[in-house]
Amino acid sequence: MPQRTAFAAELRRHIEFQAELKQCLDPALVEGVIALLSIQLREIERSQANPPQPAAPLPKAVVALQLDQKSEAHLVSLLMAVVTVDGLTKNVELRRVRQYFQESLGYLDEGLRRIDRLVEEAQEADLDPDALKLARPFLSRPLEERIVIYSACADIAFADDELVDEEQELLSTLARLFQIDEQQSAHLHDAQGQVSQERQQSLDRKIRGQFPVGETVRFESTEQPLQAVEKEAPGEPVEVPKPQPSVTAAALTKTMELMGVHLAQKKGRCDPQDAEWPRLWRGCPEVTPPDPAILINSDSPLKRSPSGEFELARALDQREQVEARLFSFLAGSNKPVSLRLVARASKTDPNRALEIISKYVRECPAFTTYNYGCGTWFGLTAWGRRGYEETARQNLSEIRKQLELGGKANLSELELDILREVAKVAKDRVVLELAT
(Lines give C-alpha, C1' and ligand atoms only; values in the text may rest on other atoms or scores of the structure.)
Protein backbone atom coordinates (compact mmCIF):
# COMPACT_ATOMS: atom_id res chain seq x y z
CA MET A 1 0.00 0.00 0.00
CA PRO A 2 2.35 2.79 -1.23
CA GLN A 3 -0.02 5.66 -0.42
CA ARG A 4 -0.38 4.58 3.20
CA THR A 5 3.39 4.07 3.48
CA ALA A 6 4.08 7.57 2.18
CA PHE A 7 1.50 9.02 4.54
CA ALA A 8 3.05 7.14 7.48
CA ALA A 9 6.48 8.55 6.61
CA GLU A 10 5.02 12.04 6.46
CA LEU A 11 3.43 11.54 9.90
CA ARG A 12 6.80 10.47 11.35
CA ARG A 13 8.41 13.66 10.00
CA HIS A 14 5.63 15.75 11.59
CA ILE A 15 6.16 14.00 14.94
CA GLU A 16 9.90 14.74 14.82
CA PHE A 17 9.22 18.38 13.92
CA GLN A 18 6.72 18.75 16.77
CA ALA A 19 9.28 17.32 19.21
CA GLU A 20 11.71 20.09 18.21
CA LEU A 21 9.02 22.72 18.88
CA LYS A 22 9.04 21.87 22.60
CA GLN A 23 11.96 24.28 22.96
CA CYS A 24 9.83 27.19 21.75
CA LEU A 25 6.22 26.41 22.75
CA ASP A 26 4.31 25.16 25.75
CA PRO A 27 5.33 21.46 26.01
CA ALA A 28 1.80 20.45 27.01
CA LEU A 29 0.35 21.77 23.74
CA VAL A 30 3.05 20.13 21.65
CA GLU A 31 2.63 16.80 23.46
CA GLY A 32 -1.09 16.87 22.66
CA VAL A 33 -0.40 17.24 18.93
CA ILE A 34 2.25 14.49 19.10
CA ALA A 35 -0.24 12.19 20.84
CA LEU A 36 -2.82 12.65 18.09
CA LEU A 37 -0.26 12.11 15.33
CA SER A 38 1.06 9.02 17.08
CA ILE A 39 -2.41 7.48 17.29
CA GLN A 40 -2.94 7.99 13.56
CA LEU A 41 0.47 6.51 12.85
CA ARG A 42 -0.25 3.43 14.97
CA GLU A 43 -3.59 2.92 13.24
CA ILE A 44 -1.91 3.06 9.82
CA GLU A 45 0.88 0.69 10.87
CA ARG A 46 -1.65 -1.72 12.39
CA SER A 47 -3.70 -1.72 9.18
CA GLN A 48 -0.54 -2.45 7.18
CA ALA A 49 0.48 -5.32 9.45
CA ASN A 50 -3.07 -6.72 9.65
CA PRO A 51 -4.96 -5.60 6.54
CA PRO A 52 -8.73 -5.51 7.13
CA GLN A 53 -10.56 -8.62 6.09
CA PRO A 54 -13.07 -8.05 3.30
CA ALA A 55 -16.74 -8.30 4.08
CA ALA A 56 -18.37 -11.67 3.65
CA PRO A 57 -18.72 -12.16 -0.10
CA LEU A 58 -22.20 -11.78 -1.47
CA PRO A 59 -23.47 -14.76 -3.48
CA LYS A 60 -22.84 -14.34 -7.16
CA ALA A 61 -24.52 -16.15 -9.99
CA VAL A 62 -22.89 -19.35 -11.11
CA VAL A 63 -24.51 -18.62 -14.46
CA ALA A 64 -25.67 -15.18 -15.52
CA LEU A 65 -29.39 -14.53 -15.33
CA GLN A 66 -30.99 -14.87 -18.73
CA LEU A 67 -33.91 -12.47 -18.93
CA ASP A 68 -36.27 -11.82 -21.79
CA GLN A 69 -38.47 -8.73 -21.69
CA LYS A 70 -41.25 -10.62 -19.91
CA SER A 71 -38.80 -11.85 -17.24
CA GLU A 72 -37.46 -8.30 -16.87
CA ALA A 73 -40.96 -7.06 -16.06
CA HIS A 74 -41.43 -9.85 -13.51
CA LEU A 75 -38.10 -9.08 -11.84
CA VAL A 76 -38.78 -5.33 -11.71
CA SER A 77 -42.18 -6.04 -10.14
CA LEU A 78 -40.54 -8.25 -7.50
CA LEU A 79 -37.86 -5.68 -6.66
CA MET A 80 -40.37 -2.82 -6.59
CA ALA A 81 -42.55 -4.83 -4.19
CA VAL A 82 -39.55 -4.88 -1.83
CA VAL A 83 -39.22 -1.09 -2.29
CA THR A 84 -42.87 -0.33 -1.51
CA VAL A 85 -43.82 -3.05 1.00
CA ASP A 86 -43.17 -0.70 3.96
CA GLY A 87 -45.52 1.95 2.54
CA LEU A 88 -42.70 4.22 1.34
CA THR A 89 -40.96 4.68 -2.00
CA LYS A 90 -37.46 5.87 -1.17
CA ASN A 91 -35.12 7.35 -3.75
CA VAL A 92 -32.14 5.36 -2.48
CA GLU A 93 -34.03 2.10 -3.06
CA LEU A 94 -35.16 3.18 -6.54
CA ARG A 95 -31.55 3.99 -7.43
CA ARG A 96 -30.45 0.58 -6.17
CA VAL A 97 -32.97 -1.15 -8.50
CA ARG A 98 -31.43 0.62 -11.49
CA GLN A 99 -27.90 -0.06 -10.27
CA TYR A 100 -28.66 -3.76 -9.98
CA PHE A 101 -29.58 -4.04 -13.66
CA GLN A 102 -26.67 -1.81 -14.66
CA GLU A 103 -23.88 -3.22 -12.50
CA SER A 104 -24.90 -6.83 -11.86
CA LEU A 105 -26.65 -7.66 -15.14
CA GLY A 106 -24.68 -5.33 -17.44
CA TYR A 107 -27.62 -3.35 -18.84
CA LEU A 108 -26.74 -0.25 -20.90
CA ASP A 109 -28.47 2.43 -22.98
CA GLU A 110 -31.75 1.06 -24.36
CA GLY A 111 -31.82 -1.76 -21.81
CA LEU A 112 -31.57 0.71 -18.93
CA ARG A 113 -34.19 2.96 -20.48
CA ARG A 114 -36.49 -0.04 -20.70
CA ILE A 115 -35.91 -0.78 -16.99
CA ASP A 116 -36.58 2.88 -16.12
CA ARG A 117 -39.93 2.68 -17.90
CA LEU A 118 -40.83 -0.52 -16.04
CA VAL A 119 -39.92 1.13 -12.71
CA GLU A 120 -42.09 4.16 -13.53
CA GLU A 121 -45.00 1.90 -14.47
CA ALA A 122 -44.57 -0.02 -11.21
CA GLN A 123 -44.64 3.26 -9.27
CA GLU A 124 -47.89 4.30 -10.94
CA ALA A 125 -49.47 0.88 -10.42
CA ASP A 126 -50.65 -0.26 -7.02
CA LEU A 127 -48.43 -3.31 -6.59
CA ASP A 128 -49.93 -6.12 -4.58
CA PRO A 129 -47.18 -7.48 -2.28
CA ASP A 130 -48.37 -11.06 -2.87
CA ALA A 131 -45.14 -12.99 -2.45
CA LEU A 132 -46.42 -16.13 -4.17
CA LYS A 133 -47.65 -14.21 -7.22
CA LEU A 134 -44.38 -12.27 -7.44
CA ALA A 135 -42.16 -15.32 -6.98
CA ARG A 136 -44.07 -17.74 -9.25
CA PRO A 137 -42.28 -16.73 -12.52
CA PHE A 138 -38.93 -17.70 -10.95
CA LEU A 139 -39.82 -20.93 -9.11
CA SER A 140 -38.86 -23.13 -12.05
CA ARG A 141 -35.38 -21.61 -12.33
CA PRO A 142 -32.31 -23.40 -10.90
CA LEU A 143 -31.52 -22.86 -7.22
CA GLU A 144 -28.40 -20.83 -8.07
CA GLU A 145 -30.51 -18.30 -9.98
CA ARG A 146 -33.15 -18.18 -7.25
CA ILE A 147 -30.39 -17.36 -4.73
CA VAL A 148 -29.16 -14.54 -6.97
CA ILE A 149 -32.68 -13.11 -7.28
CA TYR A 150 -33.21 -13.38 -3.52
CA SER A 151 -29.84 -11.66 -2.97
CA ALA A 152 -31.02 -8.77 -5.15
CA CYS A 153 -34.19 -8.46 -3.05
CA ALA A 154 -32.12 -8.38 0.15
CA ASP A 155 -29.83 -5.74 -1.37
CA ILE A 156 -32.83 -3.51 -2.14
CA ALA A 157 -34.26 -4.01 1.36
CA PHE A 158 -30.97 -2.94 2.97
CA ALA A 159 -30.43 0.00 0.59
CA ASP A 160 -31.75 2.51 3.13
CA ASP A 161 -29.67 0.91 5.93
CA GLU A 162 -32.78 -0.28 7.73
CA LEU A 163 -34.71 -3.56 7.59
CA VAL A 164 -38.27 -2.97 8.82
CA ASP A 165 -40.72 -5.69 9.81
CA GLU A 166 -42.62 -5.62 6.51
CA GLU A 167 -39.42 -6.11 4.50
CA GLN A 168 -38.25 -8.88 6.83
CA GLU A 169 -41.56 -10.70 6.46
CA LEU A 170 -41.51 -10.45 2.64
CA LEU A 171 -37.90 -11.72 2.48
CA SER A 172 -38.70 -14.64 4.78
CA THR A 173 -41.65 -15.64 2.59
CA LEU A 174 -39.55 -15.37 -0.58
CA ALA A 175 -36.84 -17.53 0.99
CA ARG A 176 -39.40 -20.27 1.71
CA LEU A 177 -40.88 -20.08 -1.78
CA PHE A 178 -37.42 -20.14 -3.39
CA GLN A 179 -36.51 -23.12 -1.15
CA ILE A 180 -33.49 -21.28 0.25
CA ASP A 181 -32.57 -22.74 3.63
CA GLU A 182 -32.21 -20.59 6.75
CA GLN A 183 -28.40 -20.79 6.78
CA GLN A 184 -28.11 -19.42 3.24
CA SER A 185 -30.64 -16.63 3.83
CA ALA A 186 -28.96 -15.74 7.15
CA HIS A 187 -25.59 -15.55 5.36
CA LEU A 188 -27.10 -13.15 2.82
CA HIS A 189 -28.63 -10.98 5.54
CA ASP A 190 -25.37 -10.88 7.52
CA ALA A 191 -23.40 -9.86 4.44
CA GLN A 192 -25.85 -7.13 3.49
CA GLY A 193 -26.07 -5.98 7.11
CA GLN A 194 -22.28 -5.67 7.31
CA VAL A 195 -22.17 -3.61 4.11
CA SER A 196 -24.95 -1.40 5.49
CA GLN A 197 -23.14 -0.95 8.80
CA GLU A 198 -19.91 0.05 7.05
CA ARG A 199 -21.85 2.52 4.91
CA GLN A 200 -23.46 4.10 7.99
CA GLN A 201 -20.12 4.32 9.82
CA SER A 202 -18.51 5.97 6.81
CA LEU A 203 -21.31 8.52 6.57
CA ASP A 204 -21.16 9.18 10.31
CA ARG A 205 -17.40 9.88 10.12
CA LYS A 206 -17.94 12.31 7.24
CA ILE A 207 -20.69 14.16 9.07
CA ARG A 208 -19.04 14.35 12.46
CA GLY A 209 -15.49 14.76 11.15
CA GLN A 210 -14.25 11.99 13.40
CA PHE A 211 -11.03 10.08 12.75
CA PRO A 212 -11.64 6.37 13.48
CA VAL A 213 -9.30 5.60 16.35
CA GLY A 214 -9.58 3.01 19.07
CA GLU A 215 -7.82 4.79 21.91
CA THR A 216 -8.57 7.62 24.33
CA VAL A 217 -6.15 10.51 24.63
CA ARG A 218 -5.65 12.36 27.91
CA PHE A 219 -3.83 15.68 27.99
CA GLU A 220 -2.06 16.69 31.17
CA SER A 221 -0.31 20.00 31.67
CA THR A 222 2.12 21.02 34.42
CA GLU A 223 2.20 24.61 33.19
CA GLN A 224 -0.36 27.41 33.41
CA PRO A 225 -3.91 26.14 32.63
CA LEU A 226 -4.84 26.51 28.99
CA GLN A 227 -8.10 28.26 29.92
CA ALA A 228 -6.21 31.14 31.53
CA VAL A 229 -4.07 31.62 28.43
CA GLU A 230 -7.17 31.67 26.20
CA LYS A 231 -8.85 34.34 28.31
CA GLU A 232 -5.86 36.65 28.05
CA ALA A 233 -5.33 36.18 24.31
CA PRO A 234 -7.01 39.10 22.48
CA GLY A 235 -9.15 38.57 19.44
CA GLU A 236 -9.81 34.87 20.07
CA PRO A 237 -13.13 33.77 18.55
CA VAL A 238 -15.72 32.66 21.08
CA GLU A 239 -17.46 29.41 20.20
CA VAL A 240 -21.20 29.97 20.17
CA PRO A 241 -23.36 26.92 21.01
CA LYS A 242 -25.23 25.64 17.97
CA PRO A 243 -28.95 26.42 18.14
CA GLN A 244 -31.16 23.42 18.82
CA PRO A 245 -34.88 23.16 18.04
CA SER A 246 -36.93 22.94 21.22
CA VAL A 247 -38.89 19.80 22.10
CA THR A 248 -41.97 20.73 24.10
CA ALA A 249 -43.71 18.52 26.62
CA ALA A 250 -46.77 18.43 24.36
CA ALA A 251 -44.66 17.14 21.46
CA LEU A 252 -43.17 14.37 23.60
CA THR A 253 -46.56 13.34 24.98
CA LYS A 254 -48.16 13.22 21.54
CA THR A 255 -45.18 11.27 20.15
CA MET A 256 -45.53 8.67 22.90
CA GLU A 257 -49.26 8.34 22.30
CA LEU A 258 -48.86 7.94 18.54
CA MET A 259 -46.13 5.35 19.04
CA GLY A 260 -48.43 3.47 21.42
CA VAL A 261 -51.28 3.55 18.89
CA HIS A 262 -48.87 2.46 16.12
CA LEU A 263 -47.72 -0.59 18.11
CA ALA A 264 -51.26 -1.44 19.25
CA GLN A 265 -52.54 -1.40 15.66
CA LYS A 266 -49.55 -3.34 14.37
CA LYS A 267 -49.20 -5.98 17.09
CA GLY A 268 -52.52 -5.85 18.91
CA ARG A 269 -50.91 -4.39 22.01
CA CYS A 270 -48.28 -1.86 23.06
CA ASP A 271 -45.51 -3.17 25.29
CA PRO A 272 -43.45 -0.35 26.95
CA GLN A 273 -40.43 -2.68 26.60
CA ASP A 274 -40.98 -3.36 22.89
CA ALA A 275 -37.83 -3.35 20.75
CA GLU A 276 -39.28 -0.64 18.48
CA TRP A 277 -39.10 2.03 21.21
CA PRO A 278 -35.26 2.29 21.09
CA ARG A 279 -35.48 2.58 17.30
CA LEU A 280 -37.78 5.57 17.70
CA TRP A 281 -35.42 7.38 20.08
CA ARG A 282 -32.31 6.48 18.07
CA GLY A 283 -33.11 9.47 15.88
CA CYS A 284 -33.50 11.80 18.89
CA PRO A 285 -30.04 12.28 20.46
CA GLU A 286 -31.18 15.47 22.23
CA VAL A 287 -34.03 13.69 24.03
CA THR A 288 -33.79 11.34 27.00
CA PRO A 289 -36.26 8.50 26.28
CA PRO A 290 -39.19 9.02 28.67
CA ASP A 291 -41.34 6.38 30.34
CA PRO A 292 -44.46 5.71 28.22
CA ALA A 293 -46.56 5.02 31.32
CA ILE A 294 -45.89 8.53 32.61
CA LEU A 295 -46.52 10.52 29.43
CA ILE A 296 -49.47 8.71 27.83
CA ASN A 297 -52.55 10.69 28.88
CA SER A 298 -55.65 9.07 30.31
CA ASP A 299 -57.80 10.73 27.62
CA SER A 300 -55.80 9.13 24.81
CA PRO A 301 -57.31 6.19 22.88
CA LEU A 302 -55.02 3.86 24.86
CA LYS A 303 -55.67 2.17 28.17
CA ARG A 304 -53.21 0.26 30.33
CA SER A 305 -53.92 -3.35 31.24
CA PRO A 306 -53.02 -4.91 34.61
CA SER A 307 -49.98 -6.53 32.96
CA GLY A 308 -48.55 -3.08 32.19
CA GLU A 309 -49.20 -3.16 28.44
CA PHE A 310 -51.35 -0.66 26.54
CA GLU A 311 -54.17 -1.49 24.16
CA LEU A 312 -56.69 0.52 22.18
CA ALA A 313 -59.61 1.38 24.43
CA ARG A 314 -61.83 2.73 21.65
CA ALA A 315 -62.00 3.23 17.91
CA LEU A 316 -59.95 6.12 16.55
CA ASP A 317 -61.78 9.16 15.25
CA GLN A 318 -60.96 10.61 11.84
CA ARG A 319 -58.25 12.96 13.07
CA GLU A 320 -56.58 10.26 15.14
CA GLN A 321 -56.64 7.87 12.18
CA VAL A 322 -54.88 10.41 9.94
CA GLU A 323 -52.30 11.24 12.62
CA ALA A 324 -51.62 7.55 13.26
CA ARG A 325 -51.19 6.92 9.53
CA LEU A 326 -48.75 9.83 9.18
CA PHE A 327 -46.80 8.62 12.21
CA SER A 328 -46.58 5.12 10.69
CA PHE A 329 -44.94 6.60 7.58
CA LEU A 330 -42.31 8.23 9.78
CA ALA A 331 -41.83 5.21 12.06
CA GLY A 332 -41.29 2.99 9.01
CA SER A 333 -38.58 5.22 7.55
CA ASN A 334 -36.98 6.68 10.71
CA LYS A 335 -36.31 9.71 8.50
CA PRO A 336 -38.25 12.79 7.34
CA VAL A 337 -40.79 12.05 4.62
CA SER A 338 -42.07 14.08 1.69
CA LEU A 339 -45.65 15.29 2.11
CA ARG A 340 -46.14 14.90 -1.62
CA LEU A 341 -45.17 11.22 -1.41
CA VAL A 342 -47.72 10.66 1.36
CA ALA A 343 -50.38 12.56 -0.59
CA ARG A 344 -49.71 10.44 -3.68
CA ALA A 345 -50.04 7.28 -1.60
CA SER A 346 -53.50 8.40 -0.42
CA LYS A 347 -54.83 7.78 -4.00
CA THR A 348 -56.98 10.92 -3.99
CA ASP A 349 -56.62 14.30 -5.66
CA PRO A 350 -52.91 15.10 -4.95
CA ASN A 351 -53.37 18.83 -4.41
CA ARG A 352 -56.35 18.37 -2.09
CA ALA A 353 -54.62 15.54 -0.22
CA LEU A 354 -51.49 17.68 0.19
CA GLU A 355 -53.56 20.54 1.62
CA ILE A 356 -55.33 18.26 4.12
CA ILE A 357 -52.17 16.45 5.23
CA SER A 358 -50.29 19.74 5.65
CA LYS A 359 -53.06 20.99 7.92
CA TYR A 360 -52.91 17.88 10.13
CA VAL A 361 -49.12 18.05 10.35
CA ARG A 362 -49.11 21.74 11.33
CA GLU A 363 -51.70 21.22 14.07
CA CYS A 364 -50.21 18.08 15.67
CA PRO A 365 -47.38 18.89 18.12
CA ALA A 366 -45.64 15.56 17.45
CA PHE A 367 -44.92 16.63 13.84
CA THR A 368 -42.73 19.39 12.48
CA THR A 369 -42.42 20.79 8.96
CA TYR A 370 -39.26 21.98 7.27
CA ASN A 371 -38.90 25.00 5.02
CA TYR A 372 -36.39 23.07 2.95
CA GLY A 373 -37.75 22.22 -0.47
CA CYS A 374 -40.70 24.68 -0.30
CA GLY A 375 -42.00 23.20 2.96
CA THR A 376 -43.03 19.80 1.58
CA TRP A 377 -41.17 17.65 4.12
CA PHE A 378 -42.13 16.70 7.65
CA GLY A 379 -40.79 14.64 10.55
CA LEU A 380 -41.06 14.16 14.28
CA THR A 381 -40.46 17.19 16.48
CA ALA A 382 -38.38 14.99 18.77
CA TRP A 383 -35.88 14.30 15.96
CA GLY A 384 -34.49 17.78 16.50
CA ARG A 385 -31.33 18.72 14.66
CA ARG A 386 -30.95 15.31 13.07
CA GLY A 387 -34.28 15.72 11.30
CA TYR A 388 -33.18 19.01 9.75
CA GLU A 389 -29.84 17.51 8.69
CA GLU A 390 -31.45 14.47 7.09
CA THR A 391 -34.00 16.63 5.26
CA ALA A 392 -31.27 18.88 3.88
CA ARG A 393 -29.25 15.88 2.67
CA GLN A 394 -32.25 14.27 0.96
CA ASN A 395 -33.44 17.53 -0.57
CA LEU A 396 -30.23 19.36 -1.49
CA SER A 397 -30.99 19.86 -5.19
CA GLU A 398 -34.44 21.27 -4.41
CA ILE A 399 -32.94 23.57 -1.78
CA ARG A 400 -30.48 24.88 -4.37
CA LYS A 401 -33.38 25.77 -6.69
CA GLN A 402 -35.25 27.34 -3.79
CA LEU A 403 -32.27 29.53 -2.86
CA GLU A 404 -31.62 30.54 -6.46
CA LEU A 405 -35.24 31.57 -7.05
CA GLY A 406 -36.30 33.06 -3.74
CA GLY A 407 -33.16 33.55 -1.71
CA LYS A 408 -32.90 32.45 1.89
CA ALA A 409 -35.47 34.74 3.51
CA ASN A 410 -37.95 31.94 4.23
CA LEU A 411 -35.37 29.76 6.02
CA SER A 412 -34.81 30.10 9.76
CA GLU A 413 -31.37 30.70 11.27
CA LEU A 414 -31.37 27.09 12.49
CA GLU A 415 -32.12 25.77 8.99
CA LEU A 416 -29.47 28.00 7.42
CA ASP A 417 -26.88 26.92 10.03
CA ILE A 418 -27.55 23.22 9.37
CA LEU A 419 -27.73 23.77 5.60
CA ARG A 420 -24.23 25.26 5.61
CA GLU A 421 -22.91 22.23 7.52
CA VAL A 422 -24.50 19.78 5.09
CA ALA A 423 -23.28 21.77 2.08
CA LYS A 424 -19.71 21.65 3.43
CA VAL A 425 -19.87 17.86 3.82
CA ALA A 426 -21.43 17.46 0.35
CA LYS A 427 -18.86 19.94 -1.08
CA ASP A 428 -21.70 21.89 -2.72
CA ARG A 429 -20.15 25.33 -3.14
CA VAL A 430 -23.23 26.79 -4.81
CA VAL A 431 -25.51 26.03 -1.85
CA LEU A 432 -22.81 27.09 0.60
CA GLU A 433 -22.47 30.50 -1.08
CA LEU A 434 -26.21 31.01 -1.39
CA ALA A 435 -26.76 30.13 2.28
CA THR A 436 -23.97 32.37 3.58
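About the criteria used
- Residues numbered from 1 in each chain as written.
- Predicted model: local features only at pLDDT ≥ 70, side-chain atom pairs only at ≥ 80, totals over all residues.
- Heavy atoms only, no water.
- Helix = DSSP H or I, 4+ residues; strand = E, 2+ residues; numbered from the N terminus.
- Buried < 20%, exposed > 50% of the residue type's maximum accessible area, 1.4 Å probe, protein only.
- Areas by Shrake-Rupley, 256 points an atom, 1.4 Å probe, with all protein chains shown as cover.
- Axes fitted to C-alpha atoms, helices over the stretch in contact; angles between N-to-C directions.
- Parallel < 35°, antiparallel > 145°, perpendicular 65-115°, else oblique.
- Contact = heavy atoms within 4.5 Å.
- Core = buried A, V, L, I, M, F, W, Y, C linked by side-chain atoms within 4.5 Å.
- Salt bridge = Lys/Arg side-chain N within 4 Å of Asp/Glu carboxyl O.
- Pairing = 2+ DSSP bridges.
- Phe/Tyr/Trp six-rings, centres within 6.5 Å; stacked < 30°, edge-to-face > 60°.
- Lys NZ or Arg CZ within 6 Å of the ring centre and 35° of its normal.
- Left-handed = near helix turned anticlockwise from the far one by under 90°.
- Expected span 1.5 Å × (residues − 1).
- pLDDT = per-residue confidence, 0-100.
- Arc of directions from axis to C-beta.

(A) Spatial organisation of the overall build of the protein chain. Counting its secondary structure elements, the protein chain contains 21 helices and five strands. A buried classification covers 41% of the 436 residues belonging to the protein chain. Of the accessible surface of the protein chain, which amounts to about 25000 Å², a share of 51% is contributed by carbon and sulfur atoms.

(B) Spatial organisation of the packing of helix H11 (residues 249-267) against helix H14 (residues 318-333). One can describe the packing of H11 onto H14 by two numbers: an axis separation of 9 Å at closest approach and a directional angle of 85 degrees. Classed by the angle they form, the pair H11 and H14 counts as roughly perpendicular. Within the contact between the two elements, H11 uses Lys 254, Thr 255, Leu 258, Met 259, Val 261, His 262 and Gln 265 and H14 uses Glu 323, Ala 324, Phe 327, Ser 328 and Ala 331.

(C) Fine view of the nonpolar core. Counting 41 residues, the largest nonpolar core has Trp 277, Trp 281, Leu 326, Phe 327, Phe 367 and Phe 378 as the members making the most contacts within it. Counting only elements with at least two residues in this core, the list comes to H11, helix H12 (276-282), H14, helix H15 (339-345), helix H16 (350-363) and strand S5 (377-380). Of all the elements, H11 adds the most residues to this core, at seven residues. Aside from chain neighbours lying at most four places away, what touches Leu 326 is Val 342, Ile 357, Tyr 360, Val 361, Phe 367 and Phe 378.

(D) Examining the pattern of salt bridges more closely. Summed over the entire model, instances satisfying the criterion amount to 25 salt bridges. In this structure, the salt-bridge partner of Glu 276 is Arg 279, at a minimum N-O distance of 3.8 Å. Here Arg 279 and Glu 276 lie together in helix H12, a separation of three residues that amounts to about one turn. Grouping residues by exposure puts Glu 276 and Arg 279 together as buried. A salt bridge links Glu 421 to Arg 385, with the nearest nitrogen and oxygen atoms 3.0 Å apart. You can see Glu 421 sitting in helix H20 (residues 413-426) and its partner Arg 385 sitting in helix H18 (residues 384-394), a full 36 residues away along the chain. Under the relative-accessibility criterion, Glu 421 is labelled partly exposed at 23%. Take Arg 385: its relative accessible area is 5%, and that puts it in the buried class. Put simply, Lys 254, Arg 319, Glu 323, Lys 359 and Glu 363 are held in one network by salt bridges that share partners.

(E) Here's a closer look at the pairing of S5. Pairing of strand S3 (residues 337-338) with S5, which is carried by two bridges, proceeds in the antiparallel orientation. By the bridge assignment for S5, Val 337 is matched with Phe 378. Two elements, strand S4 (residues 367-370) and S5, share four bridges in a ladder whose sense is antiparallel. Among the inter-strand pairings, Tyr 370 is bridged to a residue of S5, identified as Trp 377.

(F) Quick peek at the packing of aromatic side chains. Within the structure shown, the criterion is met by four aromatic pairs. Ring centres of Phe 101 and Tyr 107 lie 5.4 Å apart, and the angle between their planes is 75 degrees; on these two criteria the pair is classed as edge-to-face. For the pair Phe 101 and Tyr 107, one class covers both residues: buried. When the ring of Tyr 370 is compared with that of Tyr 388, the centres are 4.8 Å apart and the planes differ by 90 degrees; the resulting orientation is edge-to-face. Residue Tyr 370 is located in strand S4, and its partner Tyr 388 is located in helix H18; the two are separated by 18 residues in the primary sequence. Side by side, Tyr 370 and Tyr 388 carry an identical accessibility label, which is buried. One aromatic cluster is present, formed by Tyr 100, Phe 101 and Tyr 107 through successive ring pairs. The ring of Trp 383 has Arg 386 sitting right over it, with the charged end atom 6.0 Å from the ring centre.

(G) Seen up close, the packing of H18 against H20. Contact pair H18 / H20: the axes reach a minimum separation of 9 Å and the direction vectors enclose 55 degrees. On the basis of their axis angle, the class for H18 and H20 is oblique. In the packing of H18 onto H20, the handedness of the crossing is right-handed. Seen from H18, the contacting residues are Arg 385, Tyr 388, Glu 389, Ala 392 and Arg 393; seen from H20, they are Leu 414, Glu 415, Asp 417, Ile 418, Leu 419, Glu 421 and Val 422.

(H) How the structure looks around H14. Compared with the 22 Å implied by 1.5 Å per residue over 16 residues, the 23 Å span of H14 between its first and last C-alpha is a close match. Where H14 is concerned, the buried positions are Glu 320, Glu 323, Ala 324, Leu 326, Phe 327, Ser 328, Phe 329, Leu 330, Ala 331, Gly 332 and Ser 333.

(I) Just the confidence of the model for the protein chain, in detail. Averaged over all residues, the pLDDT of the protein chain is 76; the fraction at 70 or higher stands at 74%. Taken together, the stretch residues 207-233 has pLDDT below 50 and engages in 25 contacts with residues farther than four places along the chain or on a different chain.

(J) Spatial organisation of the environment of Pro 285. Here Pro 285 shows up in the loop between H12 and helix H13 (292-295). Separated by 98 residues in sequence, Pro 285 and Trp 383 place their C-alpha atoms 7.6 Å apart.

(K) Inspection of the sheet that holds S5 at higher detail. Strand order across the open sheet formed by three strands is S3-S5-S4, with antiparallel pairing between neighbours. Of all strands in the sheet, those with a lone pairing partner are S3 and S4, marking the two edges. With respect to the sheet, H14 is in contact with S3, S4 and S5, its orientation differing from that of S5 by roughly 85 degrees.

(L) Region of interest: the environment of Leu 326. Inspection of the secondary structure puts Leu 326 in helix H14. Distance in space between the C-alpha atoms of Leu 326 and Phe 378 is 9.7 Å, their sequence separation being 52 residues.

(M) Structural context of helix H5 (residues 109-124). Helix length check: H5, at 16 residues, gives a terminal C-alpha distance of 23 Å against a target of 22 Å (1.5 Å per residue), a fit within 8%. Along H5, the residues that are buried comprise Gly 111, Leu 112, Ile 115, Leu 118, Val 119 and Ala 122. Down the axis, H5 shows its buried residues gathered within 115 degrees of arc, on one side only. In this structure, H5 carries Asp 109, Glu 121 and Glu 124 as exposed residues pointing more than 90 degrees from its buried face. Next to the buried residues of H5 lie helix H3 (69-84) and helix H4 (91-104).

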